[in-house]
Amino acid sequence: MSRSNPIKTSAADKITNWIIYIFLALFVFSTIYPFWHVLMYSISDSGSASTGGLFFYPRDFTLLAYKMLFKTRTIFIAYGNTIGKTLFGTAISVVLTALTAYPLSLQRFKGRKFISMMIFLTMLFSGGIIPTFLLIKSVGLLDKFWVYILPGAMSAYNMFILRSFFQTIPPSLEESAHMDGANSLQILYKIVIPLSLPSLAAIAMFYGVGNWNSYMDGVLYVNNPKLQLLQVYLLQLIASAGAKGALSDVTSLGEASKLTDETMKMTTIAVSVIPVLFVYPFLQKYYVKGVMIGSVKG
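If you're wondering where the values come from, they're calculated on a predicted model, not measured in any experiment. (Residues numbered from 1 in each chain as written. Predicted model: local features only at pLDDT ≥ 70, side-chain atom pairs only at ≥ 80, totals over all residues. Heavy atoms only, no water.)

Novice: Hey, could you run me through the overall build of the protein chain in this one?
Specialist: Counting its secondary structure elements, the protein chain contains 14 helices and zero strands. For the protein chain, the sequential pattern of α-helices and β-strands runs α-α-α-α-α-α-α-α-α-α-α-α-α-α. A buried classification covers 35% of the 298 residues belonging to the protein chain. Sequence separation of at least 24 residues holds for 71% of the intrachain contacts in the protein chain that already meet a minimum separation of 6. When the accessible surface of the protein chain is summed, it comes to about 18300 Å², and 69% of that surface belongs to carbon and sulfur atoms. (Helix = DSSP H or I, 4+ residues; strand = E, 2+ residues; numbered from the N terminus. Buried < 20%, exposed > 50% of the residue type's maximum accessible area, 1.4 Å probe, protein only. Contact = heavy atoms within 4.5 Å. Areas by Shrake-Rupley, 256 points an atom, 1.4 Å probe, with all protein chains shown as cover.)

Novice: Please clarify how the packing of helix α8 (residues 171–179) against helix α9 (residues 184–195) should be interpreted in this entry.
Specialist: When two helices pack together, their arrangement is given by the angle between the helix axes and by the axis-to-axis distance. Contact geometry for α8 and α9: axes closest at 10 Å, N-to-C directions at 140°. On the basis of the axis angle, α8 is oblique to α9. Note that α8 runs across α9; the crossing there is right-handed. Packed against α8, whose contacting residues are L173, E174, A177 and H178, the element α9 presents S184, I187, I191 and L195 at the interface. For the contact of α8 with α9, the per-class residue count stands at five nonpolar, two polar and one charged. (Axes fitted to C-alpha atoms, helices over the stretch in contact; angles between N-to-C directions. Parallel < 35°, antiparallel > 145°, perpendicular 65-115°, else oblique. Left-handed = near helix turned anticlockwise from the far one by under 90°. Nonpolar A, V, L, I, M, F, W, Y, C, P; charged D, E, K, R; others polar.)

Novice: Please clarify how unusual backbone geometry should be interpreted in this entry.
Specialist: Trans peptide bonds make up most of the peptide bonds, and negative phi angles are found at most residues other than glycine. With a phi angle near 55°, D60 is a residue other than glycine that sits in the positive phi range. Inspection of the secondary structure puts D60 in the loop between α2 (46–49) and α3 (64–69). Even without a glycine there, the phi angle at D143 is positive, about 55°. Topologically, D143 is positioned in the loop between α6 (129–138) and α7 (156–166).

Novice: How should I be thinking about the packing of aromatic side chains in this particular structure?
Specialist: The geometry of an aromatic ring pair is captured by the separation of the ring centres together with the interplanar angle, meaning the angle of the planes. Evaluated as defined, the whole model comprises ten aromatic pairs. Centre to centre, the rings of Y33 and F56 are 5.8 Å apart; their planes meet at 50°, and the pair counts as tilted. Within this pair, whereas Y33 is found in helix α1 (residues 11–42), its partner F56 is found in the loop between α2 and α3, the two being separated by 23 residues in sequence. Classification of F56 by relative accessible area gives partly exposed; the value is 45%. Seen from their ring centres, F133 and Y221 are 6.2 Å apart, and the 25° between their planes marks the pair as stacked. (Phe/Tyr/Trp six-rings, centres within 6.5 Å; stacked < 30°, edge-to-face > 60°.)

Novice: Would you take a moment to explain the nonpolar core for this structure?
Specialist: A general feature of soluble globular proteins is that nonpolar side chains tend to end up buried together. Core analysis: the biggest nonpolar cluster contains 23 residues, and F55, L69, I75, Y79, L230, L259 and V271 have the highest contact counts within it. Listed by contribution, the elements that provide at least two residues to this core are α1, α3, α4 (73–104), α12 (230–246) and α13 (261–283). A per-element tally of this core places α3 first, with five residues. A98, Y102, F160 and I161 belong to the second largest nonpolar core, which has 22 residues in total. (Core = buried A, V, L, I, M, F, W, Y, C linked by side-chain atoms within 4.5 Å.)

Novice: Please clarify how the pattern of salt bridges should be interpreted in this entry.
Specialist: Applying the stated rule across the entire model yields one salt bridge. The closest approach of N and O atoms between D217 and K85, which form a salt bridge, is 3.6 Å. Of this pair, D217 sits in helix α11 (residues 216–221) while K85 sits in helix α4, placing them 132 residues apart in sequence. Note on accessibility: D217 and K85 belong to one class, buried. (Salt bridge = Lys/Arg side-chain N within 4 Å of Asp/Glu carboxyl O.)

Geometric descriptors of this kind do not, in isolation, establish any biological role.
So this is what it looks like as structure tokens:
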């Protein structure tokens, strides 16, 4: 058995490959460095960090900013509200999206085209901020935790993605289950959901990241400090409060005087971003797999 000769790479191909590698390396650097800069700045001494420049490593390493930040009650209140909003909001959104997408994916469901069109129209038009505020006020959701969850409980975009995947499931599976005496909810729970885990994971991550990063609902509909979100706290800190605002409920401000407003801003940004960065690598594979399955039909 003769061995095949290895493909020789020409000088032009090598140059092209190196250009591609350099371009990709610069792109990766430009993507990762902003996060790295924030993290390194937050664990650097405020005096050394204020000199500016690029941050590839901490300057005079210190965790004083984190120590001062986590002495405040506000950060824990904001963290708890944001985690609760993310967990409960994501769970409710995934359930509602699945319960809406499944019947709309069935050919036998009468009126599914009309209902799908009505849902699609919500992607093109909205009532606006003031009518939405008046609606939320009229149903008694102002300054309530559920205002973070119910108004945006289902995304039309995510519903159509999940519906497209449900449509790729062979109807014969459902027919066989019906012959065995299963009802529609049993079919959804025992057959459709297990087959749709990649798409459901992608949808759950869309909802989760959206809930974690959202702040407009906290700005518009909530005035109660006990319901403050992490992103709203970060927005207030960056906009005006500075280190003094972040440390307003700390009794001893001796060490806090060593910190600058910029250091506290970087620290709060790092605290709000790091949890998502840790979770994302475990679910990232579901993005492409979950969204692309069912998007191309043969």
